[in-house]
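Letter by letter, the chains look like this.
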Amino acid sequence: MTSLTGTGTLIRLILRRDRVLMPIWMLCMALLPVGLASGTASLYPTDAGRQGYIDSLASSPLLVLFYGPKPAEPSLGALIFWRSATGIVIMGLIALLVVIRHTRVEEEAGRRELLGSTVVGRHAALAAAVLTVSGASLVVGVLVALGMISQQTPAPGAFAMGLAWAFAGILYAAIGALAAQLTTGAGAARGIAGALLGLDFLLRGTGDVAGGGLSWLSWSTPLSWVYQVHAYTGDRWWLFALTTAVALALVLVALRLSAARDVGAGLLPPRLGPAQAPATLRSPLGLAWRLHRGSLIGWTIGLGVIGGVLFGGVAKTASSLLEGNGQLTEIMERLGGKSVASDIFIGGSLGIGAIAVAAYAVSAALRMRTEEAALRSEPVLAAGVGRLRWAAGHLVFALLGPTVVMAVTGLFAGLVYGASTGEVGRQVVRVVGAALVQMPAVWVLTGLTVAAYGLLPRLSPAVGWAALAACVLLGQVGAALNLGQSVLDLSPFSHIPHLPGPAAVPLTPLIILTAIAAALTALGLAALRRRDIPVT
């Protein structure tokens, strides 16, 4: 028996546990660049058109921060690699979260100790998590490459792009494995790994925007090396060897650190809490605040502040992007309504932001399932707290938390855009309203998740995330591919009025969506009252 005995068995266990969620995120990541390429090819069929599009986007420092410096040539492949560069960050985020889920979360729940008592080596769980996520990342990379080849882009560049996405996942799978050794809690491990990802992104973005004496920052982090692959224009294959070496080194360090600690412990000493619990923890709402506050603050800063600034800052360049391009204008009007170019852009961007914040809503609603599966809900319910009261504490954050995030997004977008137009007060009111009008669609996904949790608790994560994935594919890829309106109407987001704009807001679809969300939530709560707890 070696320290890696049982790795293959644990890989099969991870694949079985993630047999729904893993294919969903893999498929979504693989289809996004293909959908973007398909839409862009029809909108900008010539090099001259693509060059004008690239120049317009590259004139915004905010977009250079997100995408990097503009490509050296206006080919379709080079444009898509540049435009979809945020997919590299998303791949890294997914990879680190999945690795932490199958390492530190397993220790926190006590399952790692149970498995360790069988014929399983000490490092098998860590190796299985890293290998599974790395394999899934490589599959995504191959699918991205094949999808780009289907869009008549050169095969070498397509595989360079696919490998760039794949190695972002592999690199941050290793970083997630390292972070999982440092703390006793999964939340802290996610925070450390997420902070490293954010720092990598900011350092690379700062170097790309500032240039000159700070251009070295564009090469300062492993994540920036993935950006520097320059698929379709440079195809720097040697960077993959460098990234592989760093990932292997990080995994080896994680294995050494794992051997130096006890199961369930972390290398960093846990911070001692107060001797007595604060008064705020005397109620289910106070407990829910303690559990949800980290996610709420993170989403508010990440999407609300950063996303809002990006939406508002780019809105003033929207006119040049849409001018003279009827197809692009039509697509943006389907997302943002018929209005002036800046309003169309803001409305479409807020629609995309609403789908993103729906991910937070689904996650917050599923916290009830997490607490139940970890056997933490049972002691609370045994202390004289009713099921509905306990669930209501979590629903406050599943329903109102996303509302706060969208309001902050609208506020910052309105402030930035208003400052560029000299109408801060007017634009803040208009853009905040356009952000909040998205909420009934978000609440429908929350209600669907709550209904699934009450009726089918084991399947509730799959139902919630599958519904969100369907909305992403219908709302973003569907609009670019000119799918029929009857198909797009399957997403609740397609029924949201297009704001900001001069037209009056139709209240009927908002009322219907809110009623559907309320009915689904009530159904889930009614089922929760009648079923066993816990269902593990």
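Here goes a summary of the coordinates provided. Every value quoted in this text rests on a predicted model; they were computed, and no experiment measured them.

The rules we used
- Residues numbered from 1 in each chain as written.
- Predicted model: local features only at pLDDT ≥ 70, side-chain atom pairs only at ≥ 80, totals over all residues.
- Heavy atoms only, no water.
- Helix = DSSP H or I, 4+ residues; strand = E, 2+ residues; numbered from the N terminus.
- Rg over C-alpha atoms; globule rule 2.2 N^0.38 Å.
- Buried < 20%, exposed > 50% of the residue type's maximum accessible area, 1.4 Å probe, protein only.
- Contact = heavy atoms within 4.5 Å.
- Areas by Shrake-Rupley, 256 points an atom, 1.4 Å probe, with all protein chains shown as cover.
- Patch = residues over 30% accessible without salt bridge, like charges linked within 9 Å, V, L, I, M, F, W, Y side chains within 5 Å.
- Salt bridge = Lys/Arg side-chain N within 4 Å of Asp/Glu carboxyl O.
- Expected span 1.5 Å × (residues − 1).
- Bend = angle between axes of the 7 residues up to and from the residue.
- Core = buried A, V, L, I, M, F, W, Y, C linked by side-chain atoms within 4.5 Å.
- Lys, Arg positive; Asp, Glu negative; His and termini not counted.
- Polar contact = N/O pair within 3.5 Å; in protein donor to acceptor, adjacent residues only side chain to side chain.

## Topic: the overall build of the protein chain
Along the protein chain, the regular secondary structure elements total 25 helices and 0 strands. Its C-alpha atoms give the protein chain a radius of gyration of 24 Å, near enough to 24 Å, the size a compact globule of 536 residues would have. Counting only C-alpha atoms and orienting by the principal axes, one finds that the protein chain spans roughly 65 × 55 × 40 Å. In the protein chain, which comprises 536 residues, the share counted as buried stands at 51%. Contacts spanning at least 24 positions in sequence make up 78% of the contacts within the protein chain whose residues lie at least 6 apart. Counting every atom, the protein chain has about 22,800 Å² of accessible surface; 68% of that belongs to carbon and sulfur.

## Some words on a nonpolar patch on the surface
Together, Val139, Val142, Leu143, Leu146, Ile149, Phe159 and Trp237 give the surface a local cluster of nonpolar side chains, amounting to about 560 Å² of exposed area. Among the elements that line the nonpolar patch, the one with the most residues is helix α9 (residues 124-150), at 5 residues. As for its placement among the helices and strands, Val142 is situated in helix α9.

## Some details on helix α20 (residues 387-421)
Its 35 residues place the ends of α20 51 Å apart at the C-alpha level, agreeing with the 51 Å of an ideal helix rising 1.5 Å per residue. Largest kink in α20: about 30°, centred on Leu400, with the proline Pro402 one to four residues after it. Once α20 finishes, Gly422 follows within two positions and takes phi at roughly 80°, a positive value.

## A look at the nonpolar core
A general trend in soluble globular proteins is that nonpolar side chains are found buried together. Ranked by internal contacts, the top residues of the largest apolar core, which has 81 residues, are Trp25, Met148, Met161 and Tyr232. Take this core: its biggest share by element is 15 residues, from helix α10 (residues 155-179). Those residues in contact with Met148 that sit more than four places away from it in its chain are Pro33, Val34, Ala37, Gly77, Ile80, Thr153, Ala158, Met161 and Tyr232. Counting residues in each nonpolar core, the second largest holds 54 residues, with Leu366, Val405, Leu468 and Leu528 among its members.

## Here's the deal with the environment of Leu525
Among the secondary structure elements, Leu525 is positioned in helix α25 (residues 508-530). As for Leu525 and Gly454, which are separated by 71 residues in sequence, their C-alpha atoms are 6.1 Å apart. Setting aside residues no more than four positions away along its own chain, Leu525 makes contact with Leu388, Ala391, Leu395 and Val450.

## Section: the pattern of salt bridges
Across all of its chains, the model carries 12 salt bridges by this definition. The partner of Arg531 in a salt bridge is Glu372, with the nearest N and O atoms 2.9 Å apart. Taken as a pair, Arg531 in the segment after α25 and Glu372 in helix α18 (residues 367-373) lie far apart in primary sequence, 159 residues in all. Within this structure, Arg104, Glu107 and Arg261 form a network of salt bridges that share partners.

## As for the side chain of Arg83
Counting through the fold element by element, Arg83 comes out in helix α5 (residues 76-83). For the buried Arg83, which has no salt bridge, the nearest side chain bearing the opposite charge is Asp55, at an N-O separation of 13 Å. Separated by 2.9 Å, the side chains of Arg83 and Tyr67 make a polar contact. With residues up to four places along the chain from it excluded, the contact list for Arg83 reads Leu36, Tyr53, Leu57 and Tyr67.

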